[in-house]
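Residue-level listing of the chains:
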Amino acid sequence: MEKNFQEEEFARVIKFTPPLCQQRYQFVKDLVEKYKPKKVADLGCADCRLLWMLKFCSCIEVLAGLDISASVMKEKMHTLSPLPFDYLQPSERSLTVTLHHGSVAHKDPCMLGFDLVTCIELIEHLEESELKKFPEVVFGFMAPRIVVISTPNSEFNPLLPGVVLHRHPDHKFEWNQAQFQSWALEAARCYDYSVEFTGVGHPPKGMENVGFCTQIGVFVRKYPHTGGSVQYEKPTKAVYKTVFKAVYPSLKDEKYLRNAVVSEVIFTAQSIKHHLMSKHEEYDDDPERKSEFQPSVDCFSDCLGRLAVDKTMEPFVSGNEVYIPLATIFSFPKVNQLCGTFEKLCKLIAGKVTLSRDGSAVVFHAEHENE
């Protein structure tokens, strides 16, 4: 009676901060920061919130989501689309996000080659026949380096308000700690994975034996996956339906790289011109000094100051035009970083920027542009 009374009291006051779902997603994000996977698949992605969070992880280049409900994915898939800012400031990494409609009990070649597979609050929604196939599909066929599986801990349920049998009406089962660990250890043994158990949602003080509200298994593959046995044979037929795909603008795409380089070259050249013309105007009232003008531009940045030593890299005014040597522009860190080589700089701006006859300098009219 005393124990029941204690549990009832906890049920009235227990609350997770931050919410449990956020703690689960943060657990995955922390794992991504630790292992730096390039390709991540979220099975049972539902409303795509985890995928949305992961798209900001700089190490990830491929994100895929799979869910049995196409309608749930379609409601939120727009959150995975690139924003205008992504086109204005393309990232150095490439990023492709794809959503698939299908069952985790089926094999599809589009799910091969992933480094990390997440199954957050998924397995408890599976029918018995689907759960039986799940280990072979995920650990045997997909065989990622890391698999994260989270599921409710039924031992915690008495502490949660309103929970009688299961936490959600669609749950087919909810395991206690021993049941989950037994299932996970067997799957790990069969497919050459190690597994460590943890969780999120700490129990109240004094009830640590209840365990985490959400129990988590982190599986790490012991050996490289060879795919040599018959049960791992790769199917050639796609069974999932792709419902969404977004390819983010990236500097690895020459189209976006060219735009970024042209913009940076023009910005740098105009900045140099501004400093040059400001210096030039100091001589306008003195014809003799003007005729002798040889600008040593003082520090549009420290970079220009260093470049002034090499006269061939100095910007200069000739008649009605200002010449900014490409070699000078290439020496600025941002331009250098974008292009890598001087030859690539010349190639990327060809036909996009007004150059001198010999192609060695960017040319502007000497007059100040209207603001």
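Along every chain, residues carry numbers that run from 1 in the direction the sequence is written. Residues qualify for local features only when their pLDDT is at least 70, as the model is predicted, and side-chain atom pairs are given and counted only at 80 or more; totals for whole chains, interfaces and linings, by contrast, use all residues. Note: side-chain values were computed over all heavy atoms of the structure, leaving out hydrogens and water.

Visitor: Outline the nonpolar core, supporting the account with residue identities and numerical values.
Guide: Note on terminology: a nonpolar core comprises buried Ala, Val, Leu, Ile, Met, Phe, Trp, Tyr and Cys residues joined through side-chain atoms within 4.5 Å. Think of it in three bands: with a 1.4 Å probe and only protein chains considered, a residue is buried below 20% of the maximum accessible area for its type, exposed above 50%, and partly exposed in between. Judged by nonpolar contacts, the single largest core of 42 residues is most densely connected at Val-32, Leu-54, Ile-60, Leu-99, Val-148, Phe-156 and Phe-244. Numbering of helices and strands starts at the N terminus; helices are DSSP runs of H or I of at least 4 residues and strands are runs of E of at least 2. It is helix α2 (residues 20–35) that contributes the most residues to this core, 6 residues altogether. Filtering out sequence-adjacent residues up to four positions away, Ile-60 remains in contact with Val-32, Pro-37, Lys-38, Val-40, Leu-54, Arg-93, Ser-94 and Leu-95. Ile-149, Ala-184, Ala-187 and Ala-188 belong to the second-largest nonpolar core, a separate cluster that totals 33 residues. Working rule for contacts: check all heavy atoms of both residues, and any pair within 4.5 Å makes them a contact.

Visitor: Can you lay out the sheet that holds strand β7 (residues 214–221) for me, pointing to particular residues and giving the numbers?
Guide: Sheet strands associate in pairs through backbone hydrogen bonding, adopting either a parallel or an antiparallel arrangement. Strand pairing is defined by DSSP finding a minimum of two bridges between the two strands. Here we have 8 strands laid out as an open sheet, ordered β6-β7-β5-β4-β1-β2-β3-β8, and mixed in their pairing. Edge positions in the sheet fall to β6 (193–200) and β8 (241–247), since each has one partner strand and no second. Going from strand to strand, the sheet's axes swing by 15° on average, the running direction of each strand aside. To get an axis, a line is fitted to the C-alpha atoms, and for a helix only the part in contact is used. The angle between two axes follows their N-to-C directions and goes from 0 to 180 degrees. Along the sheet face, α2 touches β4 (116–120), β5 (146–152), β6 and β7 and points at about 20° away from the line of β7. Taken strand by strand, helix α7 (residues 177–190) contacts β5, β6 and β7, and its axis lies near 155° from that of β6.

Visitor: Help me get a handle on α7, residues and values and all.
Guide: If you check α7, its first and last C-alpha atoms are 20 Å apart, about what 14 residues at 1.5 Å a residue would give, namely 20 Å. Contact partners of the buried residues in α7: α6 (128–142), β5, β6 and β7. By the criterion applied in these results, polar contacts are pairs of N or O atoms within 3.5 Å in which, for protein atoms, one can donate a hydrogen and the other can accept it, and in which residues neighboring in sequence qualify only through two side-chain atoms. N-capping of α7 is provided by Asn-176, with a side-chain oxygen placed 3.1 Å from the backbone N of Ala-178. Within two residues after α7, Asp-192 carries a phi angle of roughly 60°, on the positive side. What a helix should span is 1.5 Å times the count of its residues minus one.

Visitor: Describe the environment of Lys-76, with residues and values.
Guide: Positionally, Lys-76 belongs in helix α4 (residues 70–76). Considering only alpha carbons, one finds Lys-76 and Asp-47, 29 residues apart in sequence, at a separation of 5.6 Å.

Visitor: How would you explain the pairing of β5 if you had to name every residue and give the values?
Guide: For β5, the buried fraction is high: 7 of the 7 residues fall into the buried class. Residue alternation in β5 divides its side chains into two sets, Ile-146, Val-148, Ser-150 and Pro-152 and Val-147, Ile-149 and Thr-151, and both sets are buried. Where β4 meets β5, 5 bridges bridge the pair, whose relative direction is parallel. When the sheet's bridge partners are listed, Leu-116 is paired in β5 with Ile-146. With α6 bridging β4 and the parallel β5, this β-α-β connection has right-handed handedness. Pairing of β5 with β7, which is carried by 7 bridges, proceeds in the antiparallel orientation. Among the inter-strand pairings, Thr-151 is bridged to a residue of β7, identified as Gln-215. Looking down the strands as they point away from the viewer, one classifies a crossover as right-handed if the path from the first strand across the helix to the second runs clockwise.

Visitor: Which residues make up the packing of aromatic side chains, and what values do they have?
Guide: A pair of Phe, Tyr and Trp rings is counted when the ring centres sit within 6.5 Å of each other, with Trp represented by its six-membered ring. The angle between the planes then sorts it: under 30 degrees is stacked, over 60 is edge-to-face, the rest tilted. Counted according to the given criterion, the structure contains 13 aromatic pairs. A centroid spacing of 6.3 Å and a plane angle of 55° characterise the contact between Tyr-87 and Tyr-256, whose relative ring orientation is tilted. Here Tyr-87, found in helix α5 (residues 84–88), pairs with Tyr-256, found in helix α8 (residues 254–281); they are 169 residues apart in sequence, far enough to count as distant. Given a relative accessible area of 41%, Tyr-87 falls into the partly exposed group. Of the residues examined, Tyr-256 reaches a relative accessible area of 17% and is grouped as buried.

Visitor: So what about the confidence of the model for the protein chain? Which residues, and what values?
Guide: pLDDT gives the predictor's per-residue confidence on a scale running from 0 to 100. Mean pLDDT for the protein chain: 86, with 83% of residues reaching 70 or above. Contacts from residues 1–12, a stretch scored under 50 in pLDDT, to residues over four places away or in other chains number 11 contacts. The low-confidence segment residues 289–301 (pLDDT under 50) makes 28 contacts with residues lying over four places distant or belonging to another chain.

Visitor: Provide a residue-level description of α6, including the pertinent values.
Guide: For α6, with 15 residues, the first-to-last C-alpha span of 20 Å sits near the 21 Å given by 1.5 Å per residue. We define the bend at any residue as the angle between the axes fitted to the seven residues before and including it, ending there, and the seven starting there. The largest bend in α6 is about 30°, located at Phe-134, with the proline Pro-135 one to four residues further on. Among the residues of α6, those classed as buried are Leu-131, Phe-134, Pro-135, Val-137, Val-138, Phe-139, Gly-140, Phe-141 and Met-142.

Visitor: Can you lay out the pattern of salt bridges for me, pointing to particular residues and giving the numbers?
Guide: Oppositely charged side chains can form a pair if their charged atoms are brought close together. The term salt bridge refers to a pairing of a side-chain nitrogen on Lys or Arg with a carboxyl oxygen on Asp or Glu at a separation within 4 Å. Applying the stated criterion across every chain, the model contains 9 salt bridges. Lys-107 is paired through a salt bridge with Glu-136; the nearest N and O atoms lie 2.9 Å apart. A residue pair is termed long-range when its members are at least 10 positions apart, and Lys-107 in the loop between β3 (96–101) and β4 and Glu-136 in helix α6 qualify at 29 residues. Assessed through its relative accessible area of 22%, Lys-107 is described here as partly exposed. With a shortest N-O distance of 3.7 Å, Lys-334 and Glu-264 are connected by a salt bridge. With a gap of 70 residues between them, Lys-334 in helix α12 (residues 333–339) and Glu-264 in helix α8 connect regions that are remote in the sequence.

Visitor: Give me the lowdown on unusual backbone geometry, citing residues and values where you can.
Guide: Residue Pro-18 follows Thr-17 across a cis peptide bond; omega there is -5°. Inspection of the secondary structure assignment puts Pro-18 in the loop between α1 (2–13) and α2.

Visitor: Lay out the environment of Cys-339 with the relevant residues and their values.
Guide: As for its placement among the helices and strands, Cys-339 is situated in helix α12. A residue is classified by how much of its surface remains accessible, and Cys-339, at 6% relative accessible area, is buried. Separated by 82 residues in sequence, Cys-339 and Leu-257 have C-alpha atoms that sit 8.5 Å apart. Sequence-distant contacts of Cys-339, that is, excluding residues within four places in its chain, are made with Val-261, Phe-330, Lys-344, Leu-345 and Leu-348.

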